[in-house]
Amino acid sequence: MTTPLVYVNGKRYDLPPDKAGCTLLHFLRESGYTAAKLGCGEGGCGACTVMVSSVEPDGKLYHRSINACLCPLYAVEGMHVVTAEGIGNPRDGLHPVQERLSKAHGSQCGFCTPGFVMSMYSLLRSKAEPPSEEEIEENLAGNLCRCTGYRPILDAFKAFAKADPAAYSEEALAASKAGTAQAPKKNGANGTKNGNGKNGSSKGVCPTTGQPCDCGEAAPAAAAVVVQSASQHKGQCCGPLAPAKGRQSVEPIFPPELRKRAVAELEICGDSCSWYRPLTLERLLQLKKEFPHAKLVIGNTEVGIEMKFKDMKYPVLVGTTHVPELNQLEVSEDGLVIGASVTLTKLLEACKELSAALPAHQGSTLRAVAEQLRWFAGPPIRNAAGLGGNICTASPISDLNPVWMAAGAQFTVAGEGTGERTIAAKDFFLGYRKVDMQPHEVLVRVSRAEAMVLRGWLRCLGYRKVDMLPHEVLVRVFVPFTRRYEYVKEFKQAHRRDDDIAIVNAGMRLAMAQDEQGQWVIGEAAIAYGGVAPLTIMAPKTVAALVGQPLNGDTLKAGLAAVEEDVQISPNAPGGMVEFRRSLAASFLFKGLLFAAQQLEADAPDSFQLPFPESYRSGVVCGVSVSVVAVALAAPAVRPYERPPSKGLQYFSGVPQDDVVGQSYRHMSADLQVCGEAQYVDDIKLPPGSLHGALILSTKPHAKLVSVDKAPALAMEGVRGVYTAEDIPGHNDIGVAIYDEELFATEVVTCVGQPIGIVVADTQQQAQAAAKAVAVQYEDLPAVLDIDDAIAANSYIEGWGHSLGCGDVDACFSSSNTLTLEGEVKMGGQEHFYLEPNASIVIPQENDEILSYSSTQCLDKHHRYICHVLGIPQHKVVCKVKRLGGGFGGKETRAAFINAACAIPAYLLRKPVRLVLDRDEDMAITGQRHAFAAKYKGHAFVAVKYQVGYTQEGKLLALDMDLYCNAGNSLDLSYSIMDRALLHCDVTYRIPAVRAQGHICKTNLPSHTAFRGFGGPQTVCKVLAICWGLSLRPSQPLYRAHPGMMVGEQIIERIARAVGKPVEEVKLLNMYEDGNTTPFGQVLEGCQARACWQTVMASADYEPRKAAVQRYNAGSRYRKRGIAVVPTKFGISFTTKFLNQAGALVHIYTDGTVLVTHGGVEMGQGLHTKVCQVVAHDLGIPLDQVFISESATDKVPNASPTAASASSDMYGAAAADACAQLNTRLAPYREKQRDAGFQEVVKAAYMDRVDLCAHGFYATPDVTGFGGNYPFNYFCYGAAAAEVELDTLTGDFQVLRADVCMDVGKSLNPAIDIGQVEGGFVQGMGWSCIEELAWGDKEHKWVRPGMLFTRGPGTYKIPTANDIPVDFRVTLLHNAPNHRTPMVHSSKAVGEPPFFLGTSVFFALKEACYAARSDAGLEGWFRMDSPCTPERLRMACADDFTKPFAPADLVPKISC
């Protein structure tokens, strides 16, 4: 038998036996290829993306990207796998894809970067011609980034797009220059833009090359603003791709052995799982008869999920990659025949090509399938997943099954001894995950009409509940061509457009015919819905109401009434959102009828005219029009979903070329990150004999621990120990401010996911299996699961809720001139979703010494925890970190207990132990952004009892409020988060009288923790509410508001509507000015709030665009636009005074190079790069002579967390202090050798026995911490304007443009600062508009109590590249130095301040909803909680389609 093999980056590997359940990613990482990362394990983040190449039957090479975390190892047998390490590296030369991404500042934390590189590389290798910009953006749908905001990544890769000659015409260049010349005029030193101050050129800087280009307008050299264009003119104005430095990278060629090697059948038996790969349909049917319950797989995109996350055991797996009959794509006269193993990518390509080649009327189904597949998962999934698996999993939310059912597709199944049988798609699905197939049968093919033969892979032909027997296999699908006047349309609505599963989807087929009087009527109809029942359903009553009826309002009305009967969903049905789902079914019917009417109008213009108002044309986003007439009629309101290629402009101040500080240097690890050589904790190679850990976690939110039986786990293979509280050598109590947590639970568990112990074994898989085998018995106790529960149970962490106040609140509210408002709002939480899950390695050394590597923002906390639980002194423990794959506050404190748990078995067994959390585990146990509630709330959810007092002109008078935050089961940082929430209750507005009290609620959820903004964003919202004299008194109605700033902005908006003024006018009326005093007594010095506001209002052309939005809305009924502008103010410093200190160590070596170590942690924010720039500037040397290797407690002890956006200030200043000491020591030698270089000066000092090492220290001056009148060193300011377009029938939206102005002082590194602004904006937009946590609480009874339902990318959606603003413009406020930070060159912090500006999208969407409600006769303010997901947006746009299912003031459920 042929030895199974695979090539990786040109190197041959014989595949090991008994690895049928092993993934390609596991094999790669065990083999030392660590560029592919384990980010989620479900193919949802793209961090594991690799390219796989294989020889097609016709001898051609086929290249495709896949998710290595799902791909079975044996599925790539006989293929070539290429990872990011294989295409280039810094030493031998970067590949152009890697180089461009690095130069364009497209890598921050770097964990996701190799995945992006391989997606782009695979696209280039798979296409004969350069891709278009649209193809590039769509190709990245399967890759997530939490840091950059995507814009620099897209800019980098568009350098590889095919050129559009029209973009480089003289007219286009002139128009571009004219268009970009207006934005920054109010921001420049002399009212104009500048070119690149870095090199004296009057040109802009191209993001893909870093070189001058004509993207911007030439301007006088004296100006001080640099324009950095996006992708415009990227090719011709910037020149060709520049070669990489050093040797050019050499891509691995396809191995000659694989070209010559004959494909062989595989039969690899294992103890727990066996793998078969048949080469004929006959052999496949034999295997299916022999193993009726075998799983047929290729992409493993379903079976892999079941095996990893549902603990499903499948003893036999059969790969159908090489069965010819299952890979056919053939055209008949009547339709297209599709083999069951054809990949979704090949099906998509075939549908596009065939629909273009066929007569237009025949391709309606093909266009519907292509459009549905366009938004099905990401390209790596589609490249592996097969049609048969997609069908046979019988998912009730399958995107394609409703189309097959509506289009009249037929499925052919076959089984050994029973032959073939054909089943109509509408009869195939029998129940939840159940189809009409026998166990021995196989789905062979699906039929439809297309002119090409393709081969592909199968996703997974497992069956759930379909009409098939265990031995049967789906062979093919037949899809008939549509006839003239027959129209097929697909629909889908998800939480997010890109790479998301449907909430509701549908397929509709309407065949029009003329009756005896010549009137057009619906001759035939078929309507199928997914996401509204346990299986995809037909809508027979709706069809009956339509057939024989004309396309008009009466028919629509009858159809809608029938939909109510066809689509019935119980109130607590899994998935929730009942009113929304039923409303979508009605909306889809309207869209389907409107689509058919518009198509018929184009096909029969002489005999049919659209029976609906012209403004209804916006109600359907249609497929491809069947004629030129249809295109004309459809434009512009009725059109396919289109997103033009994204673009962006960046404006920032230039500095002379010889200045190190102020230059846009790349992230110092960028080259390592783009090639996958940057090392993270899970990449560290372990010493021989190392063990792997897995936590034993509580499954109850609140219960007594009756017993913990370790025996089942200890009896398992490979297990080396199970440790609980009784085994801890030191102390079991841990905590941040107080010891109110247990490392391992002893008597009571207080949340789902609380650690009870840890298992260690030889492999991670063994450890995880053993942890689940530990038998834990519980006795349930009452659980408090949200803020309302906590208030009712009086469950608080006493003594930690502070207060602040100023002015006479009571006098204000007693005045007859004060107007008041009341209301209620809620805000959901947010998952950090750092791409690198928490990981720790603990290595015992001699004499009870411990070395620890962990992914943490706070080494000092890990240092203290390990010493405390082991009972050893701190001088025997060293904690290190080189870099994090993202943090955002989530790794400040909640990573420490993971490291401490890992230390227990390492210490007791004296063996190294690695503990890496899976994505779902990390999300479930490490906490999220806080919820705030009751009288006012911060983080996750806010509830506020309040009255708003304001004058007739909208002037804020007073605020009286109580803030409640959901702390979870321990204090953690909730007290500091509450303090910052209180300190930001004013947002950017002056409130003469304030009385605010914080309350910290204790609940039975995992302890919530720090997140970018740290309570400020939530508080700002509440501030707005208060501005007008908000009174939060127990006797008054409960107002649930968005946390912090969000609540404040909501209140301002409501007040503006109450007084009948534009909200922008009311905001400006109340906005702070320089010299104003905050409610906590701090005088504002250098206040730039109004400067940022005015800059954005001017650069965004706000007023003209607002008028244009109103004109658009007047002519469009079901598509609306909105525009809004939001300011921000954010205080910089820890509100706990002692944390405002920092240390740094600077070594100068005799060759003139410098090594810096400081207490901060690099997590993508560019901290190390900025500190190196400060050191290089202060020592007067080039940047490449300065290096930072890692952060470690044996170099800089007692370091404060890398948090509060203050790290560049503090650690930069500490390094500057060390440099000042060194410069003093070197001064005499510089004086003696005026012409000598730095190396010569250093050598002279060394020979004279001068100490060339210095420790620097910095303590932030003047700050008082919370309770004093100077809690912040300074404030950062900003403003953003956003414009959106909303489909009011579905809640689908896109951001058309965003303009941001951010005050960063005198920037240390404009490129890094802009990256932080863009990333923060997109993350803030996600928080307020997309990302939603769902807990098992009273609002989600279909989720187990206390369990987090949204614990992976499959259910929790962060923004993708498709969600960012199409036009993204960022300005760094010019000429705004910060006098409070002289040691870091008058710069300001930038990490957290931009976050809240992303809520400008939320408020723009709300404006669009106002326009929709006005058309429906609904006037006045309405409540909309955040995040404003499609559900909330659709239900806010109440109309006749939602009326049967929900009142106009419905407030959808939310976990808070």
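The sections below set out a description of the structure shown in this document. (Residues numbered from 1 in each chain as written. Predicted model: local features only at pLDDT ≥ 70, side-chain atom pairs only at ≥ 80, totals over all residues. Heavy atoms only, no water.)

This part covers the overall build of the protein chain. Looking only at helices and strands, the protein chain has 39 helices and 57 strands in total. The buried share of the protein chain, taken over its 1456 residues, is 68%. Relative to all contacts within the protein chain whose residues are 6 or more apart in sequence, the contacts with residues 24 or more apart total 79%. Carbon together with sulfur atoms contributes 51% to the accessible area of the protein chain, which is approximately 45,700 Å² in total. (Helix = DSSP H or I, 4+ residues; strand = E, 2+ residues; numbered from the N terminus. Buried < 20%, exposed > 50% of the residue type's maximum accessible area, 1.4 Å probe, protein only. Contact = heavy atoms within 4.5 Å. Areas by Shrake-Rupley, 256 points an atom, 1.4 Å probe, with all protein chains shown as cover.)

With that settled, the discussion passes to the pattern of salt bridges. Counted by the stated rule, this structure contains 75 salt bridges. One salt bridge in this structure joins R421 and E472, with 2.6 Å as the shortest N-O distance. Here the residue R421 occupies a position in strand β16 (residues 419-424), and E472 occupies one in strand β21 (residues 471-480), the gap between them amounting to 51 residues. A relative accessible area of 2% places E472 in the buried class. We note a salt bridge from K1443 to D1440, for which the minimum N-O separation is 3.6 Å. Across this residue pair, the class does not change: K1443 and D1440 are exposed. Through salt bridges with shared partners, a single network forms among R29, K37, D682, D683 and R914. (Salt bridge = Lys/Arg side-chain N within 4 Å of Asp/Glu carboxyl O.)

Strand order across the open sheet formed by three strands is β32-β28-β34, with antiparallel pairing between neighbours. Looking at the sheet topology across the chains shown, the edges are occupied by β32 (748-749) and β34 (775-780). Strand direction decides the pairing type here: strand β28 (residues 703-709) and β32, joined by two bridges, are antiparallel. Looking at β32, one finds that A703 is bridged to V749. (Pairing = 2+ DSSP bridges.)

Another aspect to go through is empty space enclosed by the protein. To find leftover empty space, one rolls a probe the size of a water molecule over the atoms. Per the counting criterion, the structure on display carries 18 cavities of 30 Å³ or more. Quantified by volume, the largest cavity comes out at close to 560 Å³. Contributing to the lining of the largest cavity are 38 residues, with M1163, A1203, A1204, S1205 and E1392 lying nearest its centre. Of all elements in the fold, only α28 (974-983), α34 (1167-1179) and α35 (1207-1232) reach the threshold of two or more residues within the lining of the largest cavity. Taken together, the residues of the lining of the largest cavity sort by class into 16 nonpolar, 16 polar and six charged. (1 Å grid on protein atoms, 1.4 Å probe; cavity = no way out; pocket = protein on both sides within 12 Å on 5 of 7 lines; lining within 4 Å. Points joined across faces, edges and corners; volume = space filled by probe spheres on them. Nonpolar A, V, L, I, M, F, W, Y, C, P; charged D, E, K, R; others polar.)

This part is about the sheet that holds strand β50 (residues 1141-1148). Across the sheet, four strands lie side by side as β52-β51-β50-β54; this open sheet has mixed pairing. A single partner strand is all that each edge strand has here, and the edge strands are β52 (1186-1188) and β54 (1253-1259). Neighbour-to-neighbour, the strand axes of the sheet open up by a mean angle of 25 degrees, direction not taken into account. When β50 meets strand β51 (residues 1154-1158), the two strands line up antiparallel, connected through five bridges. Across the sheet, the residue bridging to L1145 is T1157, located in β51. (Axes fitted to C-alpha atoms, helices over the stretch in contact; angles between N-to-C directions.)

Take the nonpolar core next. Ranked by size, the top nonpolar core spans 200 residues in total, and within it F157, V1154 and V1401 carry the most contacts. Other than its neighbours up to four places away in sequence, V1401 contacts A1282, V1284, F1293, V1295, F1321, M1325 and C1329. Grouped together as the second largest cluster of nonpolar side chains are 146 residues, L25, F428, L560 and A596 included. (Core = buried A, V, L, I, M, F, W, Y, C linked by side-chain atoms within 4.5 Å.)

The end-to-end C-alpha distance of α34 is 18 Å, a good match for the 18 Å that 13 residues give at a rise of 1.5 Å each. Counted residue by residue, α34 has 11 buried out of 13 residues, so it is predominantly covered. Taken together, the buried positions of α34 are L1167, H1168, T1169, K1170, V1171, C1172, Q1173, V1174, V1175, A1176 and L1179. Phi turns positive one or two residues past the end of α34, at G1180, with a value near 70 degrees. (Expected span 1.5 Å × (residues − 1).)

The full count for this structure, using the stated rule, is 27 aromatic pairs. With a centroid separation of 5.2 Å and 85 degrees between ring planes, the pair formed by F111 and Y680 is classed as edge-to-face. Here Y680 lies in the loop between α20 (670-674) and β27 (691-697) and F111 lies in the loop between α2 (96-103) and α3 (113-126), a separation of 569 residues in the sequence. The class for F111 is buried, based on a relative accessible area of 5%. The buried category is assigned to Y680, whose relative accessible area is 2%. A network of ring pairs unites the aromatic residues F590, F612, Y1118 and F1441 as a single cluster. Taking the ring centre of F1422 as reference, the NZ or CZ of K1406 above it sits at 5.1 Å. (Phe/Tyr/Trp six-rings, centres within 6.5 Å; stacked < 30°, edge-to-face > 60°. Lys NZ or Arg CZ within 6 Å of the ring centre and 35° of its normal.)

Moving on, we get to the pairing of strand β55 (residues 1274-1287). Judged by how many residues are buried, β55 sits mostly within the fold: 14 of 14 residues are covered. Both faces of β55 are covered, namely the face carrying Y1274, C1276, G1278, A1280, A1282, V1284 and L1286 and the face carrying F1275, Y1277, A1279, A1281, E1283, E1285 and D1287. Summarising the sheet, strand β49 (residues 1119-1132) and β55 pair through 14 bridges and their orientation is antiparallel. Note on β55: the bridge partner recorded for G1131 is F1275.

Of the residues making up helix α36 (residues 1238-1247), those classed as buried are F1238, V1241, V1242 and A1245. With its buried residues spanning 100 degrees around the axis, α36 presents them on a single face. Directly after α36, the chain includes R1249, whose backbone phi takes a positive value near 60 degrees. (Arc of directions from axis to C-beta.)

Once that is clear, we can look at unusual backbone geometry. Apart from glycine, the bulk of residues carry a negative phi angle, and the bulk of peptide bonds sit in the trans form. Residue P1427 follows S1426 across a cis peptide bond; omega there is 5 degrees. Of note, P1427 is situated in the loop between α38 (1399-1415) and α39 (1430-1436). Positive phi, close to 60 degrees, is recorded for H105, a residue that is not glycine. With respect to the helices, strands and loops of the structure, H105 is situated in the loop between α2 and α3. Overall, the relative accessible area of 16% leaves H105 in the buried class. A positive phi angle, near 60 degrees, is found at F888, a position not held by glycine. With respect to the element layout, F888 can be found in the loop between β39 (877-881) and α26 (896-909). Accessibility expressed as a relative area gives 14% for F888, which makes it buried.

Moving on to the state of the cysteines. A complete count under the given rule lists zero disulfides for this structure. Just so you know, C71 is unpaired, no disulfide at all, and the nearest cysteine sulfur is the one on C48, 9.7 Å from it. (Disulfide = S-S within 2.5 Å.)

With that settled, consider the side chain of D1287. Inspection of the secondary structure assignment puts D1287 in strand β55. Since its relative accessible area comes to 4%, D1287 is described here as buried. At 2.9 Å, the side chain of D1287 and the side chain of K591 are in polar contact. (Polar contact = N/O pair within 3.5 Å; in protein donor to acceptor, adjacent residues only side chain to side chain.)

Mapped onto the elements of the fold, L1226 is located in helix α35. Using a relative accessible area of 0% as the deciding quantity, one classes L1226 as buried. With sequence-adjacent residues up to four places away left out, L1226 is seen in contact with I1148, F1238, V1241, A1245 and L1252.

On their own, these measurements won't tell you what the molecule is for.
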